[in-house]
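# Chains, contacts and geometry: an overview
Chain by chain, the residues run as shown.
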Amino acid sequence: MGGNHAHTPTVETRRMRQAALAVMVPLGLLTLVALVWLWPGSIEREERDQPAHIPANVLSVDAEGCPEDLSTAQEPCGTAVLEMHPGDDAAASAGVADGDRIEVPLPHGPGAVSVSAGDDVVATGTDSVGVDAVWGVVDHQRGGGLWLLAIGFTLAVLAFGRLRGLRSLLGLGVTFALITLFFVPAVLAGTAPVLAALITCAAVVLVVLPLTHGTGLVATVAVLGTLASLAVTWLLSWAAVSALHLSGVTDDLSMAITLNHGIDAQGLLLAGIMIGSLGVLDDVTVTQSATVAEIARANPEHRTRDLYAAGARVGRAHIASVINTIVLAYAGSSLPLLVLIMANNDSFTAIVTDQLIAQEVVRSVVATVGLVAAVPMTTLLAAWVGRGFAAEQDDYSDDRALHIEEAYRD
């Protein structure tokens, strides 16, 4: 979800808080009912015979020249000695014990794992079990490095963001939990991906935004603006995917999901666009809502039209920078695909209209248009609310000053 935004104005009357809760509570209850209704429960997973993956340590490497009949793409050649460290379950299925030493050929070919003495790797056996199986190194162990990266990320956020950073981390945990515990199991259980994505996005917005930015009017306006923009993004993505006849099946992974699990690949494509757009949408809506509220607070004489004009100027500057971010993010994730397609096609038209590229173009364009739509919708709502916000604060400040003056006279 979004980054560190401007702080919510500190003065809010009881009536303001009541208005915010009157909007947030019904939306939250409706989303909660939808979550409970569609909660998938336990998913029955198909049992498949798969080779055991055993943690191991590389004791030594004996590299040697490859035979002349092997191409240079298969280098290096030679062997490595592994010390196996299986867990109890892995040992039972693989027939190896902790400390067993096995000689394996060095991985070779494009993308092969590069190993050196002392590396922590993952080995797998085929054809049989035990130390007589045909073993090979398939990957490096990355658990320790990932934990260090996660700890460093957490400390950096807490050091700079402090309490707000802690709330942002909690919001990140909620988002991850909703995707992994609800969205993915619900889709596997047969729920339409678009419906599951809509409920997931609504739950993320209604939990994470108030958790990160409070439950006042600024957060409420941001929630409404985000949900409205998300609806626009869904409609645009549905229209674009249908008009361009995008099936969502573009590679072996999407084909396997469709064949093995019966999941609608086109619906999954739409769900991915919605979930991918949500993080940027909330960034823009919170910024617009907080900006307009601060302008209204600084100058209570501003009318709704004035507040909208000032907020829109900020929004245009924000959009100008965020658009490039979206396009670069999608382009960066698709660079290998782009290189491969351009290497096999001379025509620019053929490249752009290929379904693989067209799908990424739709992701970028739809997310950008939804982002652009978020600015006027959120700014207009914030300006309308902000005008009353400023008036409420004036009344609240006058009443508080009057009470202080009366108490002083007494």
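Keep in mind it's a predicted model, so treat the numbers as computed, not measured.

Thresholds applied
Position numbers for residues count from 1 along each chain, tracking the sequence in the order it is written. With the structure being a predicted model, the display of local features is reserved for residues of pLDDT at least 70 and the display and counting of side-chain atom pairs for 80 or more, all residues being used for whole-chain, interface and lining totals. Side-chain figures throughout are based on the complete set of non-hydrogen atoms in the structure, without hydrogens or water. Numbered from the N terminus, helices here are DSSP runs of H or I no shorter than four residues, and strands are runs of E no shorter than two. We call a residue buried when its accessible area falls under 20% of the maximum for its residue type, exposed when it is over 50%, and partly exposed in between, using a 1.4 Å probe and counting protein chains only. Should any heavy atoms of two residues lie within 4.5 Å, those residues are counted as being in contact. How far a helix is expected to stretch is found by multiplying one less than its residue total by 1.5 Å. One axis is fitted to the seven residues ending at the residue and one to the seven starting there. The bend at that residue is the angle between these axes. Counting of polar contacts relies on pairs of N or O atoms within 3.5 Å, with two restrictions inside protein: one atom must be capable of donating a hydrogen and the other of accepting it, and residues adjacent in sequence are counted only when both atoms are side-chain atoms. Angles here are taken between N-to-C directions and fall from 0 to 180 degrees, while the axes themselves are lines fitted to C-alpha atoms, restricted in helices to the stretch in contact. Throughout, the term roughly parallel applies to angles under 35 degrees, roughly antiparallel to angles over 145, roughly perpendicular to angles from 65 to 115, and oblique to all others. Take the far helix as the reference: if the near one is turned anticlockwise from it by less than a right angle, the crossing is left-handed, and if turned clockwise, right-handed. Residue polarity is assigned by list, with Asp, Glu, Lys and Arg as charged and Ala, Val, Leu, Ile, Met, Phe, Trp, Tyr, Cys and Pro as nonpolar; anything else, Gly included, falls into the polar class. UniProt positions are given in the numbering used here, feature names are shortened, and annotations may be inferred rather than shown by experiment. In plain words, nonpolar cores are sets of buried Ala, Val, Leu, Ile, Met, Phe, Trp, Tyr and Cys residues tied together by side-chain atoms within 4.5 Å. Within this document, salt bridges are pairs made up of a side-chain nitrogen of Lys or Arg and a carboxyl oxygen of Asp or Glu, the two lying within 4 Å of each other. Scored between 0 and 100, pLDDT is the confidence that the predictor attaches to each residue. Grouping into patches uses exposed residues only, defined as over 30% relative accessible area, and leaves out salt-bridged ones; the cut-off is 9 Å for like charges and 5 Å for nonpolar side chains (Val, Leu, Ile, Met, Phe, Trp, Tyr). All accessible areas in this document rest on Shrake-Rupley with a 1.4 Å probe, and a residue is counted as covered only by the protein chains that are shown.

We now examine the overall build of the protein chain. In terms of regular secondary structure, the protein chain is built from 11 helices and five strands. Counting the 410 residues in the protein chain, one finds 39% classified as buried. Long-range contacts, defined here as pairs at least 24 residues apart, represent 73% of the contacts in the protein chain between residues at least 6 apart.

Glancing now at the environment of Ala293. You can see Ala293 is positioned in helix α7 (residues 265–298). In the structure, Ala293 is positioned 76 residues away from Leu217 in sequence and 8.8 Å away in space, judged by C-alpha atoms.

Under the 1.5 Å per step criterion, the end-to-end length of α7 is 50 Å for 34 residues, consistent within 8% with the ideal 50 Å. Of all the bends found along α7, the most pronounced is centred on Leu278 and spans about 35°. Sitting at the amino-terminal end of α7 is Asp264, which places a side-chain oxygen 3.2 Å from the backbone nitrogen of Gln266.

Looking now at the packing of helix α3 (residues 143–188) against α7. The N-to-C vectors of α3 and α7 enclose an angle of 160°; their axes lie 12 Å apart at closest approach. In terms of their interaxial angle, α3 and α7 are classed as roughly antiparallel. Note on packing geometry: the crossing formed by α3 with α7 is right-handed. Note on element contacts: α7 touches α3 through Leu268, Ala271 and Ile275, opposite Ile179, Phe183 and Val187. Counted by class, the contact of α3 with α7 contains six nonpolar, no polar and no charged residues.

We now examine the UniProt feature "transmembrane region" (unreviewed entry) in the protein chain. Taking the numbering used here, the UniProt-annotated feature "transmembrane region" (unreviewed entry) corresponds to residues 20–39, 144–161, 168–188, 194–211, 218–241, 261–281, 322–341 and 361–385. Between the C-alpha atoms that bound residues 20–39 the distance is 28 Å, and the span itself is 95% helix and 0% strand. For residues 361–385, the end-to-end C-alpha separation is 36 Å, with 100% helix and 0% strand making up the annotated structure.

Quick look at the nonpolar core now. By size, the foremost hydrophobic cluster in this structure holds 46 residues, and its most contacted members are Val362 and Leu371. Secondary structure elements with two or more residues in this core: α1 (14–38), α3, α4 (193–213), α5 (217–243), α7, α8 (304–333) and α11 (355–409). Tallying contributions element by element places α4 first for this core, with 11 residues. Ignoring sequence-local partners within four residues, the contact set of Leu371 consists of Val280, Leu281, Val284, Ile319, Val322 and Ile326.

Further remarks concern the pattern of salt bridges. Tallied over the full model, the rule gives two salt bridges. In this structure, the salt-bridge partner of Arg142 is Asp139, at a minimum N-O distance of 2.9 Å. Look at Asp139 and you get partly exposed, because its relative accessible area is 27%. A salt bridge links Arg303 to Asp306, with the nearest nitrogen and oxygen atoms 3.5 Å apart. Exposure remark for Asp306: the relative accessible area of 26% places this residue in the partly exposed category.

Before going further, it helps to spend a moment on the confidence of the model for the protein chain. Scored by pLDDT, the protein chain has a mean of 78; 77% of the residues are at 70 or more. Scored below 50 in pLDDT, residues 2–11 makes 32 contacts in the model with residues more than four places away or belonging to other chains.

Moving on to a nonpolar patch on the surface. Taken together, the side chains of Leu21, Val25, Leu29, Leu32 and Val36 define a hydrophobic patch exposed on the protein surface, amounting to about 460 Å² of accessible area. Tracing the sequence through the fold places Val36 in helix α1. Judged by its relative accessible area of 59%, Val36 falls in the exposed class.

This next bit is on the packing of α3 against α4. Contact geometry of α3 with α4 gives a least axis separation of 9 Å together with a crossing angle of 165°. Compared by their axis directions, α3 and α4 come out roughly antiparallel. Classified by chirality, the crossing of α4 by α3 is right-handed. Its residues assigned to classes, the contact of α3 with α4 shows 17 nonpolar, six polar and two charged.

Relative to the helices and strands, Leu328 resides in helix α8. For Leu328, a relative accessible area of 54% puts it in the exposed group. Taking the C-alpha atoms as reference points, Leu328 and Ser364, 36 residues apart in sequence, are found 9.0 Å from one another.

Counted at 1.5 Å a residue, the expected span for α3 with its 46 residues is 68 Å, but the 27 Å between its end C-alpha atoms falls short. When the local axis directions of α3 are compared, the greatest deviation, roughly 135°, occurs at Gly161. One or two steps after α3, the chain reaches Gly190, where phi turns positive at roughly 110°.

Take Thr226: it is sitting in helix α5. Judged by its relative accessible area of 0%, Thr226 falls in the buried class. A polar contact of 2.7 Å, which involves the side chain of Thr226, links it to the side chain of Thr285. Leave out the neighbours within four places in its chain, and Thr226 touches Val205, Leu209, Leu278, Leu281, Asp282 and Thr285.

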